[in-house]
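# Observations on chain architecture
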2 protein chains.
Amino acid sequence: MVSLKDIAVKCGVSIATVSKALNNHKDISEATKELINRTAKEMGYLPNSFARALKTNKTYNLGVLFADEANNGLTHDYFNRVLNSFKEEAERKGYDITFINKHVGEKCLSYYEHAKYRGVDGIVIACINFYDPDVVELIQSDIPVVTIDHVFDNRTSVVSDNIKGMQDLVTYIYQMGHRKIAYIHGADSSVTRNRVGSFYKTCGELGLTIPDSYVQSGIYRDPESTALLTRQLLNLKERPTCILFPDDFSSIGGINTIKQYGLRIPDDISVAGYDGIFLSQFLEPKLTTIRQDTESIGRSAAEKLIAMIENPKASIIERVVVEGRILIGNSVKKQN
Amino acid sequence: MVSLKDIAVKCGVSIATVSKALNNHKDISEATKELINRTAKEMGYLPNSFARALKTNKTYNLGVLFADEANNGLTHDYFNRVLNSFKEEAERKGYDITFINKHVGEKCLSYYEHAKYRGVDGIVIACINFYDPDVVELIQSDIPVVTIDHVFDNRTSVVSDNIKGMQDLVTYIYQMGHRKIAYIHGADSSVTRNRVGSFYKTCGELGLTIPDSYVQSGIYRDPESTALLTRQLLNLKERPTCILFPDDFSSIGGINTIKQYGLRIPDDISVAGYDGIFLSQFLEPKLTTIRQDTESIGRSAAEKLIAMIENPKASIIERVVVEGRILIGNSVKKQN
DNA sequence: ATTTTTTACTTAATCGTTTGCGACAAAGTA
DNA sequence: TACTTTGTCGCAAACGATTAAGTAAAAAAT
């Protein structure tokens, strides 16, 4: 690989001059800058990122920490959409991405240690057990951090507006004439608490009292458990007229169960999902759901993180709330 | 951050000794090794990966190059499964992952340049236009490369056995009594050519002649185009009794079209997918498909790549072919 | 007892950058 | 003329590690 030294020799100047010229310092004449830039290009020079990082302590690398309970990893359809837009925004700004894990060589170490080892400039944390001590260590560390879908008071966060999302969804269903609304929610997390809280609050404001049997604790992205709980709901004496599922994906389990039960959607019973994954718009019937704006969430997270990194002093704690949008399909029927 | 120097001072030895002790060289006494390791741990020492990389030219970083035509990125359900298992295997061996792109700072450069800049030890290439000059540059470069689902004669590759997969699928469908089999395939690629070729070959061997109108050129992971082409097939004078879709995901478009057309699956017409994504087993009816072993594909790719990196001289070109497995659902009906 | 080998460690160069400081000439100012 | 300013550029240290070569003492061999 051609280094600054090679260019320096060819141009008959010192290494320092080459470095400064390439970095466009003001104490180099335009003429030599031009010469150096030209020969650098000719020789196919590429900066050495380690050498640079070693000296400047800046890597242009962002850490991504993500681990859902089911260990879906990159196959997690919400996370990979968020990550994809995060990645695109980061790359646009010249940053690369490194996944934070607990390995380095044969050794196992903490997330913080791995992040330090790789020298990431900042970290985005998503879809994780935020009470994991290793995560807490990261949150309290000296590394810039942005969290997604969870709020810490000393950290900037980007969250999907699950409160408004659920409110919009319930309100729409109410306006369609439903009064008996059931909700199979996912495992406990900030997201779940917001959704469940908003579900109860909105129902309350609309004058609905929801029996405990209508709110079931399920698992995200698990069609099987959703199917099971759906069956329980269908067996209730007073059957709900509409069921909210944990998410679009798991709704497939619920929908199948309902059909097997001999009920038609939406004629006999209505359903709704959450997420707005691409697939949801191809289900039969087309699913009514809340489309989370994963595009904005990922992009905002990258923007905020990079802003923190590049302007450390001005870093104020920000709370970005990204609204979703209701997608009205054919899965919720107008009641009369 | 605590460095070798700090440990050296504390232990009263030279930096070199500390380095060697930590790396378990044989010319350091057990006693001092023990001392150094202990104080290193006490002081919370972490090696500096750049410094190490600068000296050794080894980063323990693997480049991932991936860009499908539709620019799905990480949301691509086949790729993200492959990548996920690649990542897990890599991490288990102490390697991290870096996405190769064309950015570095404000500049745009080639994949090769980006890879060199980041100093990745090797690269895995998947789901990409392998005729892109920038990809060819990488293939012909000095960097260890493993390709997925495409074979170059000078490079190790891991491919899903699309030939056997399609053969199994067609044979099964034939055994179920079908003689009029249509195939909506995806856009041109190695994968597509293998599948289409195997489709024709298997049909031929089974004594079937497939009219041109039965083989349609569609788009992967696109329910809409698949829906359109499905309708064309349904409108044929001599309608096929079974339709193969490009993949499970796009099959949803086809299935919906068939239902809207007033036909029942599998009673009136049979269908099959390809991929074996999780979802396919929750469709109604459960989809008959080929489950590609993404787990093995990703893992093998990581294994082969790391083997090449860690044993450069012994590197022979390998061709790993990973067989899929037919998943028999209820979407193909026994004909009489 | 002397030489050789082994053990255990140190010295110092090196990887490719960045950057504060100093040097020196040309230009400006008094 | 003498001094200061300005514009260019080089020197050299530093970042944190690795490693070949050297050294001194202890152990083994003669």
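As a convention, each chain's residues are numbered from 1 in the sequence order in which they are written. To read the labels, note that chains go from A and ligands from 1, taken in the order they are written. Since the coordinates come from a predicted model, pLDDT governs what is reported: local features require at least 70, and pairs of side-chain atoms require 80 or more to be given and counted, while whole-chain, interface and lining totals use all residues. Side-chain measures were taken over the full set of non-hydrogen atoms in the model, leaving aside hydrogen atoms and water.

## Quick word on the sheet that holds strand S5 (residues 122-126) of chain B
Residues and elements named next belong to chain B. Spatial strand order, S2-S1-S5-S6-S7-S13: 6 strands in an open sheet with parallel pairing. The outermost strands of the open sheet, each flanked by one partner alone, are strand S2 (96-99) and strand S13 (319-322). The sheet shows a mean angle of 20° between the axes of neighbouring strands, taken without regard to direction. Strands strand S1 (61-66), S2, S5, strand S6 (145-148) and strand S7 (156-160) of the sheet are contacted by helix H5 (residues 77-92), whose axis makes an angle of about 175° with S1. Strand pairing is assigned whenever DSSP identifies at least 2 bridges connecting the two strands. Numbering of helices and strands runs from the N terminus; a helix is a DSSP stretch of H or I covering at least four residues, while a strand is a stretch of E covering at least two. Each axis is a line fitted through C-alpha atoms, taken for helices only over the stretch in contact, and angles between the N-to-C directions span 0 to 180 degrees. Residue contacts are defined here by distance: any two heavy atoms, one from each residue, within 4.5 Å place the two residues in contact.

## Concerning the interface of chain A and chain B
Each partner contributes residues to the interface: chain A has 53 residues there, and chain B has 53 residues. In total, about 4800 Å² of surface goes out of reach between chain A and chain B, with carbon and sulfur atoms giving 62% of it. Any carboxyl oxygen of Asp or Glu that lies within 4 Å of a side-chain nitrogen of Lys or Arg is treated as forming a salt bridge with it. For the pair chain A and chain B, the interface holds 2 salt bridges. Between Arg118 of chain B and Asp96 of chain A there is a salt bridge; the shortest N-O distance is 2.6 Å. What qualifies as a polar contact is a pair of N or O atoms within 3.5 Å, subject to a donor-acceptor requirement within protein and to the restriction that residues adjacent in sequence count only when both atoms come from side chains. The interface formed by chain A and chain B contains 20 residue pairs in polar contact (both at pLDDT 80 or more). Here the quantity called buried area is the total loss of accessible area, with a 1.4 Å probe, experienced by two parts when brought into contact, counted for both.

## Describing the protein's contact with DNA strand C
The environment of DNA strand C is made up of 26 residues, and the closest members are Leu4 and Ser19 of chain A together with Thr17, Lys20 and Lys55 of chain B. Proximity is defined per residue: any heavy atom of the residue falling within 4 Å of a molecule or strand makes that residue near it. Of everything in DNA strand C that lies within 4 Å of the protein, sugar and phosphate atoms constitute 57%. In the environment of DNA strand C, a base oxygen lies 3.3 Å from a nitrogen or oxygen atom belonging to the side chain of Lys20 of chain A. Elements that contribute at least two residues to the surface near DNA strand C include exactly helix H2 (15-22) and helix H4 (49-56) of chain A together with helix H2 (15-22) and helix H4 (49-56) of chain B. Here the nonpolar group is Ala, Val, Leu, Ile, Met, Phe, Trp, Tyr, Cys and Pro; Asp, Glu, Lys and Arg are the charged ones; every other residue, Gly included, is treated as polar. Classifying every residue of the surface near DNA strand C gives 11 nonpolar, 9 polar and 6 charged.

## Some points on the relation of the copies chain A and chain B
The atoms used to superpose the copies are C-alpha atoms, taken from residues with pLDDT of at least 70 in both, and the fit is least squares. Superposing chain A onto chain B takes a rotation of 180° plus a shift of 0.1 Å along the axis, which leaves an RMSD of 0.1 Å. On this basis, the relationship between the two copies can be described by a two-fold rotation axis. Using C-alpha coordinates, one finds that chain A approaches the rotation axis most closely at Phe50 of chain A, a distance of 2.3 Å. Interface overlap between copies: 100% of the residues of chain A at the interface are likewise at the interface in chain B, consistent with a symmetric, same-surface contact.

## Looking at the nonpolar core
The criterion is simple. A nonpolar core is a set of buried Ala, Val, Leu, Ile, Met, Phe, Trp, Tyr and Cys residues joined through side-chain atoms within 4.5 Å. When a residue's accessible area, from a 1.4 Å probe over protein chains only, is under 20% of the maximum for its type it is buried; when over 50% it is exposed; and in between it is partly exposed. With 82 residues, the main nonpolar core has Ile173, Phe199 and Leu244 of chain A together with Ile173, Phe199 and Leu244 of chain B as its most contacted residues. Contacts of Leu244 of chain A, omitting those with residues within four sequence positions, involve Met166, Leu169, Val170, Ile173, Ile181, Ala182, Tyr183, Ile184, Phe199 and Ala272 of chain A. Core analysis: the second largest hydrophobic core is formed by 54 residues, Ala90 and Ala302 of chain A together with Val82 and Phe99 of chain B among them.

## Description of H5 of chain B
Multiplying one less than the number of residues by 1.5 Å gives the expected span of a helix. For H5 of chain B, with 16 residues, the first-to-last C-alpha span of 23 Å sits near the 22 Å given by 1.5 Å per residue. A positive phi of about 90° marks Gly94 of chain B, the residue just after H5 of chain B.

## Quick notes on the environment of Ser315 of chain A
Tracing the backbone through its elements, the reader meets Ser315 of chain A in the loop between helix H12 (294-310) and strand S13 (319-322). It is 39 Å that separates the C-alpha atoms of Ser315 of chain A and Leu279 of chain A, two residues lying 36 residues apart in sequence.

## Digging into the packing of aromatic side chains
Two numbers describe a pair of aromatic rings. These are the distance of the centres and the angle of the planes. Only Phe, Tyr and Trp rings are paired, with Trp represented by its six-membered ring, and only when their centres lie within 6.5 Å; those with planes under 30 degrees apart are stacked, over 60 edge-to-face, the remainder tilted. Here the structure, examined in full by the defined rule, presents 15 aromatic pairs over all chains. Ring centres of Phe249 of chain A and Phe278 of chain B lie 5.6 Å apart, and the angle between their planes is 15°; on these two criteria the pair is classed as stacked. Taken together, the positions of Phe249 of chain A in helix H11 (residues 248-260) and Phe278 of chain B in the loop between strand S11 (270-272) and strand S12 (289-291) put the pair across two chains. Residue class for Phe249 of chain A comes out buried when judged on its relative accessible area of 13%. Every member of this aromatic cluster is reached through a ring pair, and the members are Tyr183, Phe199 and Tyr200 of chain A. When the NZ atom of lysine or the CZ atom of arginine is within 6 Å of a ring's centre and also within 35 degrees of its normal, the charge is said to sit over that ring. Above the ring of Tyr111 of chain A, the side-chain terminus of Lys102 of chain A is found at 4.8 Å from the ring centroid. Its end group placed over the ring of Tyr274 of chain A, Arg195 of chain A keeps NZ or CZ at 3.8 Å from the ring centre.

## Some points on the domain arrangement of chain A
Note: domain ranges come from an automatic or database domain assignment. Assigned domains within chain A: domain 1 (4-47), domain 2 (61-160 + 296-322) and domain 3 (162-292). Averaged C-alpha coordinates put domain 1 of chain A and domain 2 of chain A at centres separated by 36 Å.

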